[in-house]
Each structure stands twice: as structure tokens, then as C-alpha cells.
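Reading the structure
Here is how the chains run, residue by residue.
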Amino acid sequence: MMATPPEIVKRVEELRGQLEHHNYLYYVLDQPEISDAEYDRLFAELQKLETEHPELQFPDSPTQRVGAEPLPGFTQVRHPQQMLSLANARNGEELVDWHRRVARILEDRGIDPESVVYVTEPKIDGLAISLIYENGRLVRGATRGNGEVGEDVTANLRTIRAIPLALRLNPGEQPPAVVEVRGEVYLPLAAFERFNEERAAAGEPTFANPRNAGAGSIRQLDPRVAAKRPLSIWCYQVGYTEGLEPGSHWQALEWLTGHGFKVNPMVERHEDFGKAMKACLAWEARRSELDYDIDGAVVKVDSYAMQEVLGAVGRAPRWAVAFKFAPSTAVTHLLKIEVNVGRTGALNPYAVMDPVEVGGVTITHATLHNEEDIQRKDIREGDWVVVQRAGDVIPQIVGPVIQKRTGAEREYHMPGVCPSCGAHTVRPEGEVVVRCPNKSCPSQIVESIKHFVSKGAMDIEGVGEKLVERLFNRQLIKNMADLYFLKPDDLLGLEGFKEKSIANVFKALEDSRKRPFSRVLFALGIRHVGSINATLLARNFRDVDSLMSASRDEIAGVEGIGPIIAEAVREYFDEPHNRETIQRLRDAGLQFRLETEAAAATGPLAGKSFVLTGTLGSMARSEAKEKIEAQGGTVSGSVGKGTGYVVAGENPGSKLNKAQQLRKTVLTEEEFLKLIGE
Ligand code: IVH
């Protein structure tokens, strides 16, 4: 066999190094430095070279993350060190009890309890896994199983881009012979919702919560399935090691951060228990802001020597405790099922329930998705039901409490006519959703305008749902474009509107004209086009004309889009009155082409990455983000090596601590405004 030319070997190594580095920037630090297109180009080049030179194929290559062949079954593997579980503290008192016990045991052993350092971490509600790196390479990944024996799910875990296939070593550093890294695999909430929407659209059963969806992906025998799901991981422990001896948990976490692992930025070290406790309570209040579910906070004694002294009872160590948040499920009485008509004409059934507290919030309504889902779960009017809230996700009904049935419960069927306009409803073949086919159904129009002005879309502050309804009912607006042709006099007649409030509405409308193309595209409310798909479409087609003239196949060809979405996009643009709306929105001066990339290369903040923390007095965070992006900068959710500036508003969170630890430039709001020229 002919020897591989050395320049090819060199190029392949170079590409692998670059791709893994960009994976790391994107998936671990959340701070990409190159565009997706550039990444794809490098990836394609490597794939081509590997195909041409099979002798260079190698399981650790980034190209191998896309999912190997299906397995006949999972092999059982024994963990080198038992995977323990955590004892719970259900409230503040129990947490204090735990602390007292720790202090007493240590004191009995002659250790000053005042010297104990605590680490607090979010308790991630996902799937616990163990990763083994031998001589720096990932050789095995396993589920927790019963704590002693788990399942070998290496092929699936390899598809998770946030898991390094090899340790990131410092120049000249030798990897430890063995290191076991433990963490929690999870599916981000946004991805979960999108995933469920797609499943529902395809008529497949939806998952009850992100944990089930994530765990289900890891237990799939076909790694190509896991590869398609945007799973991620938070690493929280170093287990078995050979050739590495951290002295404390904090040191272990620092080692993880320094070697390419994703460690949660909320982890904190406290020299005083009161502060640790405060951190736990503060997170409970903020849990709904996160993009993943946490079901509690974990408090750990930092020093390994002290951990050893404290030992374990049964399967739970005494040196750690899980402070559980208020449960996210509850049981209540389902009074009746009602229907509203969404912006795409879908009739959405929802449950009206006796008020009940779930996860610290009182709820009275829960979505029921569609008739099939109601029947599959066998939910009836009058049932007692288990309701669930996961993070920020809308409350869901898990199922009825069958034992509580009296026989008076009523089975539910969707109405044959639209509750808004009276049109006969339709259920297209193969779809689970019942629809109102009337394009001028008032409910559909009002809902689409509400979506248009909403925070994630055009974010027109001052034009809330109520005002949209009032304007529509008075026939001052008939669609979203009409908003931009309103005159101040139109609002004068509305109760509660004075000069100042009217000026605010017009200022908000004016500001919204600058929203980027992807936001406008999302705001249009095209079926299946959420903010992620809108961004994908905007990036690929770059302006609305190219998108409008693209064929169904061209649209479906965009990575991440697929035929169902493409069909919906085509349908939207084929509708003459939608084209008319777009023309009027253009006349109103909205952005219909991608501009960020030009700014990204040439803007004054080009190449600078920002992290925002705390509340800004002069603008919303989303606005600050837009301003940064408009000048070529990027904004990321967490502080890492690549962070350029951290902007700290009022009550900054742990990101500020992280920024200080990493010695990043911290800007006050005033300094930030100066920097962006305001
Ligand atoms: S430490 C002895 N830290 O909670 C230490 N666990 O009930 C045991 N979990 O199986 C693990 N976030 O799946 C630890 N920051 C965190 C965690 C965490 C979530 C899960 C993990 C474990 C379970 C224990």
C-alpha cells in the first residue's frame, strides 16, 4: 500500500484540531468565533480527506460525532468507583440540620467547623453519566444504572459536541493515565419544546418533560438518533483517577474547566454556610430564567480530606446534600376543557382547573395539545389530574388520577365549528390538529398580531395583547402591517391614552423597525417557523426575496429545516395577502435582509464577545444584545476564556464573580454606553 503523503496527514490533523477547537468554543463556551458556514467548510474538507484516505479514519475524529451504526444492545459496565446518590433537604430547616451534622462530625474529629468551605451547584434534572478518559482520550461513557453497574452508551455520548473526545491539554502537559468525569446530560428547554412541536406535527407522541426526552435519546440503540438531538452536558464531578489528585472539589471543577469540560457557571465557593444557603434560595427564585431544568441545588463540602472524614451512609455521602425546590407537579380538579384559536388556525384545547400551586406558582390553565393527546392520556372533563411545570415550560397535564373517578367524568371531543368565526373546522389527513380554515377568522388575525408585537418577536413595548385587541375591535388595524400606518389621532379616542403614552407607542413602533431580519421572519408567524428556524432561514437566504422565490426543495435543503417546515414556508409565501403584508411592512421600513454578517466583519465591535449580567437601567437586555450585534460584536450567556467584556448592571449574578475570577474587563452600564457610542 502506498504511504499517505505527509502533507495530507498534517492537514487532517490540523483540521481535526481546528474543528474540535471550534466545537469547544461553540458548545462549551457558547462563544463561536467562526460562522456555521466556515465550520461546515472545514468539516467537509476533513470528511473528503478521510474518505479518500481510509487509513486516516479514526474514532476520535470530529466527523465521527455524527452517529455510528445501530447497536444490537447495550453492554453492561462496572463503574470504577460507585456512583452515589444524594440525600435530600426538603426545606431550609433540613438544610440547616445537615450543616449542623457536618459541623458536629468534623468537630468530634478535631476539625474546626468554621474552616469548612462549601460549594453550591445547581442540581440538574437530567441523566447522570460517567466518562472515562485514558491517556487523555475518551474511551467509554456509561449511564449511572444502579450506581455500580451501568450501560455502555459511548456511541451516543460521542455525538454530544460539548463532550470532549480528548482532554484539552496545556502545551507540554501529559494527560493523567485515567480520569473519570461525571455529569448530567440534558436537553435544553428551547430544544425540547421545538422537538415536541415537531413530534406533534408529525403525529408522534410527545415527551412529558426534557429529562425523559434527553434520557430517551441516550438509551437509543441507534446513535444517529442521539446525534440529531441537541443534547448537552454539565460536568460536576471528578470520580476515579490515576495520575491526578485534586485536593478539593473546587480544584476538581477548575481542572474540568481547564481541560475542555462544560462546568456550570453558577457554581460558587463559600467560606460561610449562610452564604451557601442564600445561594440555594436565590436560585430557586431564578430557576425559570434558565434554559434547562434544575430541581434543586447541591451543597458539597469542598475539601476531599473532610469528605473522607464525613463518609457515607448507605448510598448517600454525608458531605453533600440536595436542597430540593418546591415540587413541579401537583394534583387538582379539571373543571372543563376549552378551546382557543391560534394564529395558524389551530384549535388549541386547554384545561381550566381549580387553582393549584406548582413549583411555587399558582396555575389555573394547562395546554392539552390536541384531541389525540387528550384521548391517549385519557383525560376527561371532571377528572382529577396530575399537573406539571418544568422550568419555564407551560404547565402540562401528565394524566388523570384514575382511582379518583366517580363515573361523572365526560369524554372530550373537539368542536365541529370554530369558536371564533363559526366556520366548519377541518382536520387534514395525517394531522392531529383540528383547524379553522377561514383565513379571515378574527381570532387568527388577532393572535398573529399579538405574536408579531410580542417580546421574542418585534418586541413592541407598549403595544400589548390588550391594545392589539382594542385596535382590532375598533377596526383601526386589520393586520400586523397596519400598526405602522397608525396615526397618533387614532389612539386619542382610546380610553387611558394621553399624549405621553401615545408618544411611547410610536417610539416603540419606530424602534422596532430596526429589528434584524431573523426576528421579522419569526414575527410573521409562519407555521413551524420558531425563532431558531427563522434564524436558519435568514442566514441561508439572506433576504426575503431569495426566500420568497426559493422552491420547496431548496428550503427543505437547509440544514435543520426539512420538508414539513419547507412546505409551511412555501404555503405562507404563496398566499397573495401574505405577500401584500410583506410589501407593506417593507414600505414601513422593516429589515428584510441579513445585515449582521456585514457588521460582524467590519463593525467597531467586530470579534468582541460580550456577556451581560444584572439589570441595565437604560435598556432591556435584548436591546443591548441587538446594539452589540449591530456593531459586529457577539453576546454569550456565560463567561469564559473567549469573553472580551462583561457588562454588569444592577444586582449582577454569579457571572460577575466568574468574570473577576477570570480577570475579565468588567464595564459599568455607563462605560458600556460610551463604548457603543450612546
Ligand atoms: S453530585 C455524591 N452534583 O443528582 C455525589 N449530582 O441524587 C452525587 N445531579 O445521580 C452526585 N446535578 O444525577 C451531583 N451538581 C450535581 C448534580 C447531581 C444533578 C444528579 C445526579 C445524581 C443525582 C443524585
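Keep in mind that what you see is a predicted model, and the values were worked out from it rather than measured. (Residues numbered from 1 in each chain as written. Predicted model: local features only at pLDDT ≥ 70, side-chain atom pairs only at ≥ 80, totals over all residues. Heavy atoms only, no water.)

1. Side note on the packing of helix α20 (residues 562-574) against helix α21 (residues 576-587)
Any two packed helices are characterised by how steeply their axes cross, that is the angle between the axes, and by the distance between the axes. Just so we agree on the cut-off: Fitting a line to C-alpha atoms yields each axis, with helices limited to the stretch in contact; the angle taken between N-to-C directions then spans 0 to 180 degrees. Working definition: helices are DSSP H or I runs of at least four residues, strands are E runs of at least two. Numbering for both runs from the N terminus. Angles are sorted into four bins: roughly parallel if under 35 degrees, roughly antiparallel if over 145, roughly perpendicular if 65 to 115, and oblique for all others. Throughout, a residue-residue contact means that at least one pair of heavy atoms, one from each residue, lies within 4.5 Å. Three categories are distinguished: nonpolar for Ala, Val, Leu, Ile, Met, Phe, Trp, Tyr, Cys and Pro, charged for Asp, Glu, Lys and Arg, and polar for the others, with Gly belonging to the last.
Across the interface, α20 lies against α21 with an axial gap of 5 Å and an inter-helix angle of 80 degrees. Here α20 is positioned roughly perpendicular relative to α21, judged by the angle of their axes. Mapping the contact onto sequence places R570, Y572, F573 and D574 in α20 and P576, N578, R579 and I582 in α21. Of the residues belonging to the contact of α20 with α21, the class tally is 4 nonpolar, 1 polar and 3 charged.

2. What about the packing of helix α1 (residues 6-28) against helix α2 (residues 36-52)?
Let me state the cut-off plainly: Each crossing gets its hand from how the near helix is turned against the far one by less than a right angle, where anticlockwise is left-handed and clockwise is right-handed.
Running from N to C, α1 and α2 cross one another at 145 degrees; their axes reach a closest spacing of 10 Å. As for how α1 packs across α2, the hand of that crossing is left-handed. Between α1 and α2, the residues in contact are I8, R11, V12, L15, R16, Q18, L19, H22, N23 and Y26 and D36, Y39, L42, F43, E45, L46, L49 and E50, respectively. Its residues assigned to classes, the contact of α1 with α2 comprises 10 nonpolar, 3 polar and 5 charged.

3. What about the confidence of the model for the chain?
Our working definition: pLDDT expresses, on a scale from 0 to 100, how confident the predictor is about each individual residue.
With 97% of its residues at a pLDDT of 70 or more, the chain shows a mean pLDDT of 90. No element of the chain has a lower mean pLDDT than helix α22 (residues 596-602), at 59, and none a higher one than helix α8 (residues 249-258), at 98.

4. A short note on the sheet that holds strand β20 (residues 634-636)
Definition in use: At least two DSSP bridges between two strands are needed for those strands to be called paired.
Strand order in the open sheet made by the 4 strands is β20-β19-β21-β22, with parallel pairing throughout. Two strands bound the open sheet, and with one partner strand each, they are β20 and β22 (665-667). Strand after strand, the sheet turns through a mean of 35 degrees between neighbouring axes, direction not considered. The pairing of strand β19 (residues 609-613) with β20 spans 3 bridges and is parallel. When the sheet's bridge partners are listed, S609 is paired in β20 with T634. Contacts from helix α23 (residues 621-630) reach β19 and β20, with the element oriented near 170 degrees to β19.

5. Quick notes on the nonpolar core
Our working definition: Put simply, buried Ala, Val, Leu, Ile, Met, Phe, Trp, Tyr and Cys residues joined by side-chain atoms within 4.5 Å make one nonpolar core. Only protein chains enter the area calculation, which uses a 1.4 Å probe; residues under 20% of their type maximum are buried, those over 50% are exposed, and those in between are partly exposed.
Ranked by size, the top nonpolar core spans 57 residues in total, and within it F452, L483 and Y484 carry the most contacts. Put simply, the parts of the chain that give this core at least two residues each are α12 (442-453), α13 (465-473), α15 (499-512), α16 (517-523), α17 (531-541), α18 (544-549), α20 and α21. Sequence-distant contacts of L483, that is, excluding residues within four places in its chain, are made with I449, F452, V453, V463, L471, I477 and L509. With 41 residues, the next largest nonpolar core counts L29, L187, F192 and W255 among its residues.

6. Details of the site of the ligand
Worth spelling out the cut-off: The cutoff for a nearby residue is simple: one of its non-hydrogen atoms must lie within 4 Å of the molecule or strand. Each polar contact in these results corresponds to two N or O atoms within 3.5 Å; when the atoms are within protein, one needs to be able to donate a hydrogen and the other to accept it, and residues that are neighboring in sequence are counted only if both atoms are side-chain atoms. Note on areas: these come from Shrake-Rupley sampling with a 1.4 Å probe, and a residue is covered only by the protein chains present in the view.
The immediate surroundings of the ligand are formed by 15 residues, with E121, I124, E184, Y236 and K300 found nearest. Interatomic distance of 3.3 Å between a backbone N/O atom of P122 and a nitrogen atom of the ligand. E184 places a polar side-chain atom, nitrogen or oxygen, 2.6 Å from an oxygen atom of the ligand. Considered on its own, the ligand offers 520 Å² of accessible surface; in the complex 90% of this is hidden by protein. Where the shell around the ligand is concerned, the elements lending two or more residues are β3 (118-124) and β10 (294-301). Of the residues forming the shell around the ligand, the biggest block, 4 residues, is contributed by β3.

7. With respect to the pattern of salt bridges
Basically, it comes down to this: A pairing counts as a salt bridge when a side-chain nitrogen of Lys or Arg comes within 4 Å of a carboxyl oxygen of Asp or Glu.
Going through the model one piece at a time under the given rule, you end up with 40 salt bridges. Here R41 ties to E38 by a salt bridge, and the two come within 3.4 Å at their closest N and O atoms. Note that R41 and E38 are positioned in helix α2 at a spacing of 3 residues, about one turn of the helix. Two residues, K450 and E469, come together in a salt bridge whose shortest N-O distance is 2.6 Å. With K450 in helix α12 and E469 in helix α13, this residue pair connects regions lying 19 residues apart in the sequence. Put simply, D378, R380, D383 and R405 are held in one network by salt bridges that share partners.

8. Concerning unusual backbone geometry
With a phi close to 45 degrees, N135 is a non-glycine residue in the positive phi region. Tracing the backbone shows N135 in the loop between β4 (127-134) and β5 (137-143). Phi at H369 takes a positive value of approximately 60 degrees, unusual for a residue other than glycine. Of note, H369 is situated in the loop between β16 (361-367) and α11 (371-376).

9. Looking at the packing of aromatic side chains
Quick note on the threshold: Whether two aromatic rings pair depends on their centres lying within 6.5 Å, for rings of Phe, Tyr and Trp, where Trp uses its six-membered ring; planes under 30 degrees apart make the pair stacked, over 60 edge-to-face, and the rest tilted.
Counted by the stated rule, this structure contains 16 aromatic pairs. Ring centres of F323 and F325 lie 6.1 Å apart, and the angle between their planes is 80 degrees; this geometry places the pair in the edge-to-face category. You'll find F323 and F325 in the same group, each marked buried. When the centroid spacing of 6.3 Å and the interplanar angle of 85 degrees are considered together, the rings of F452 and Y484 count as edge-to-face. Here F452, found in helix α12, pairs with Y484, found in the loop between α13 and α14 (488-492); they are 32 residues apart in sequence, far enough to count as distant. Residue classification places F452 among the buried residues on the basis of a relative accessible area of 0%. A residue is classified by how much of its surface remains accessible, and Y484, at 7% relative accessible area, is buried. The rings of W98, Y118 and F273 are connected pair by pair, giving a single aromatic cluster.

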